[in-house]
Amino acid sequence: MSAVQRHAVVAGAGIGGLTAALALHRKGWRVTVCERAPGPAAAGAGIVLAPNALRALDAIGFDLTRTAGRTLPAAMGLRRPDGRWLSRADTAALAARYGGPPLALHRSALADALAGALPGGTVRYGVTVTSVDGADGFPVVRTSAGDLDGSADLVVAADGIHSPLRRRYFPDHPGLRHSGETAWRTVLPASAGPKGAATAETWGRGERFGVVPLADGRTYVYATAVVPEGYRPADVRAELLHRYGAWHDPIPALLQRIDPAAVLQHDLYDLAAPLPRFHHGRLAWLGDAAHAMTPNLGQGGCQAVEDAVVLAHLLDGAGAGGVPAALAAYSAARCARTDAIRVRARRAGRIAALSHPLAAALRDLAVRVTPDRAAHRAMDGLFDGFTLPAGITTASGGVGTRW
């Protein structure tokens, strides 16, 4: 590490931005996180951290078990609207294959835990990074607060799917592509959720509904539908009951218990094309800002965590003059993997959203007859595809330099 403490400015306090801040902090950097929201988000949705993301968090010594408490239920899989299972997996088998089961928790709980591991004052809410100039040298960062204006050794653009910094530095990129679907998401209190429910996604024709018990006893529910871009029903509860109210238990009961004011609706987008690189001089992009993908594989947040850990590792020991080269190595390490997952998520979404009766029936049949071993192999590239860079050891063992 340089004798003079290096300073990183992170634009955005989402999961990727906070993970990057924590990883850099533990490598000796001084970090300032600027988040345009006025404070931590209390509302929101759940997140399922797959084994690859948990392995990355373990690499920086961040123990989620203190936050999570418990893991997913024993069963998880895909169902039809009448309740019949298309596929069902045992999380114990997943744990045996990938070194640990997935972990489901509220996004705000994960964000609070990451922010809580940072020094006080690191995260500045209500502050927007308004511009980053001169990234080929030492970037000049300007913010809405004004008092942070100045140069930095590094800027991390974790400013989300509509990233202004991506638009600024890649003006010729085609931007976002609408998937053809919208999504509703909410989290029900523990008293409103079903007891002992399995984690399941139900596939209809052009519609899906997911139920995910969270680690703290609450239940995350989500639904998707093929609708025109910008479609917003006047009565959310009536819309959801119309679409999913006749589906299998516990879906109708869950719909009766939702608070319409707490339901988030977002159209689903991904990047229309990959970025040519994830860096420009001393500016690096990660998460949705770098490789926005649809949520069909549950890998958006997981890939942001991977980005953050790899970025901090490659910057470690780079020295003040070596930051641009370290960011070029970061691009080389992350572009191909994240784009392959972006494309795979897009294809998975097209299959799940099939609405023609014959096409949907053939899809369901294909899922039912797929052997478990083949389904597991399909997940290997996701869950085992993240390789810790040389020199990192995890909290559970390994060789190299400890974080």
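Residues numbered from 1 in each chain as written. Predicted model: local features only at pLDDT ≥ 70, side-chain atom pairs only at ≥ 80, totals over all residues. Heavy atoms only, no water.

**Comments concerning the overall build of the protein chain**
Here's step 1: In terms of regular secondary structure, the protein chain is built from 13 helices and 18 strands.
Here's step 2: On C-alpha atoms alone, the protein chain measures out to a radius of gyration of 21 Å, which is about the 22 Å that the 2.2 N^0.38 rule sets for 403 residues.
Here's step 3: Over its C-alpha atoms, taken along the principal directions, the protein chain stretches across nearly 65 × 45 × 40 Å.
Here's step 4: Out of the 403 residues in the protein chain, the part that is buried amounts to 51%.
Here's step 5: Taking the contacts inside the protein chain whose residues are at least 6 apart along the sequence as the reference set, 72% of them involve residues at least 24 apart.
Here's step 6: When the accessible surface of the protein chain is summed, it comes to about 16800 Å², and 55% of that surface belongs to carbon and sulfur atoms. (Helix = DSSP H or I, 4+ residues; strand = E, 2+ residues; numbered from the N terminus. Rg over C-alpha atoms; globule rule 2.2 N^0.38 Å. Buried < 20%, exposed > 50% of the residue type's maximum accessible area, 1.4 Å probe, protein only. Contact = heavy atoms within 4.5 Å. Areas by Shrake-Rupley, 256 points an atom, 1.4 Å probe, with all protein chains shown as cover.)

**Overview of unusual backbone geometry**
Here's step 1: In this structure, Pro250 follows Asp249 across a cis peptide bond, with omega equal to 5 degrees.
Here's step 2: Note that Pro250 resides in the loop between helix H7 (236–244) and helix H8 (251–257).

**Re the packing of aromatic side chains**
Here's step 1: Considering all chains together, one arrives at seven aromatic pairs under this definition.
Here's step 2: A centroid spacing of 5.5 Å and a plane angle of 40 degrees characterise the contact between Tyr220 and Tyr222, whose relative ring orientation is tilted.
Here's step 3: Since its relative accessible area comes to 9%, Tyr220 is described here as buried.
Here's step 4: Look at Tyr222 and you get buried, because its relative accessible area is 19%.
Here's step 5: On the numbers, 5.1 Å between centres and 90 degrees between planes, the contact of Tyr244 with Trp247 is edge-to-face.
Here's step 6: On the basis of relative accessibility, which here comes to 11%, the residue Trp247 falls in the buried class. (Phe/Tyr/Trp six-rings, centres within 6.5 Å; stacked < 30°, edge-to-face > 60°.)

**So, the packing of helix H1 (residues 15–25) against helix H10 (residues 300–315)**
Here's step 1: At a minimum axis distance of 8 Å, the contact between H1 and H10 shows a crossing angle of 25 degrees. Overall, the two elements H1 and H10 adopt an arrangement that is roughly parallel. Crossing of H1 over H10 shows right-handed handedness. Contact residues: Ile15, Gly16, Thr19, Ala20, Ala23 and Leu24 in H1; Ala304, Val305, Ala308, Val309, Ala312 and Leu315 in H10.
Here's step 2: When grouped by side-chain class, the residues that make up the contact of H1 with H10 number ten nonpolar, two polar and no charged. (Axes fitted to C-alpha atoms, helices over the stretch in contact; angles between N-to-C directions. Parallel < 35°, antiparallel > 145°, perpendicular 65-115°, else oblique. Left-handed = near helix turned anticlockwise from the far one by under 90°. Nonpolar A, V, L, I, M, F, W, Y, C, P; charged D, E, K, R; others polar.)

**Details of the sheet that holds strand E10 (residues 150–151)**
Here's step 1: The three strands are arranged E8-E9-E10 in an open sheet whose pairing can be described as antiparallel. Each edge of the open sheet carries a strand with a single partner, namely strand E8 (129–133) and E10.
Here's step 2: Pairing geometry for strand E9 (residues 140–143) and E10, over two bridges, is antiparallel. Bridging across to E10, Val140 finds its partner in Ser151. (Pairing = 2+ DSSP bridges.)

**A few points about the confidence of the model for the protein chain**
Here's step 1: The pLDDT averaged across the protein chain works out to 91; a share of 93% of its residues lies at or above 70.
Here's step 2: Of the regions scoring below 50 in pLDDT, residues 391–403 engages in 30 contacts with residues more than four places distant in sequence or in other chains. (pLDDT = per-residue confidence, 0-100.)

**Brief notes about the sheet that holds strand E1 (residues 7–11)**
Here's step 1: Read across the sheet, six strands follow the order E7-E2-E1-E11-E18-E17 without closing on themselves; strand pairing throughout is mixed. Since the sheet does not close on itself, it has two edges, and those belong to strand E7 (123–125) and strand E17 (279–280), each with one partner.
Here's step 2: Set on the sheet, H1 makes contact with E1, strand E2 (30–35), E7 and strand E11 (154–157); between it and E2 the angle comes to about 170 degrees.

**Some thoughts on a nonpolar patch on the surface**
Here's step 1: Residues Leu358, Leu362, Leu365 and Val369 make up a contiguous nonpolar surface patch of about 400 Å² in total accessible area.
Here's step 2: Residue position: Val369 is located in helix H12 (residues 357–369). (Patch = residues over 30% accessible without salt bridge, like charges linked within 9 Å, V, L, I, M, F, W, Y side chains within 5 Å. Salt bridge = Lys/Arg side-chain N within 4 Å of Asp/Glu carboxyl O.)

**Re the nonpolar core**
Here's step 1: Formed by 79 residues in total, the largest nonpolar core has its most connected members in Leu24, Leu49, Phe62, Leu110, Leu154, Trp285 and Leu315.
Here's step 2: Per-element tally for this core: the top contributor is H10, with eight residues.
Here's step 3: Beyond its immediate stretch of four places on either side in the chain, Leu315 contacts Arg6, Leu24, Trp29, Leu154, Val323, Ala326 and Leu327.
Here's step 4: Trp184, Val221, Val227 and Ile258 belong to the second-largest nonpolar core, a separate cluster that totals 18 residues. (Core = buried A, V, L, I, M, F, W, Y, C linked by side-chain atoms within 4.5 Å.)

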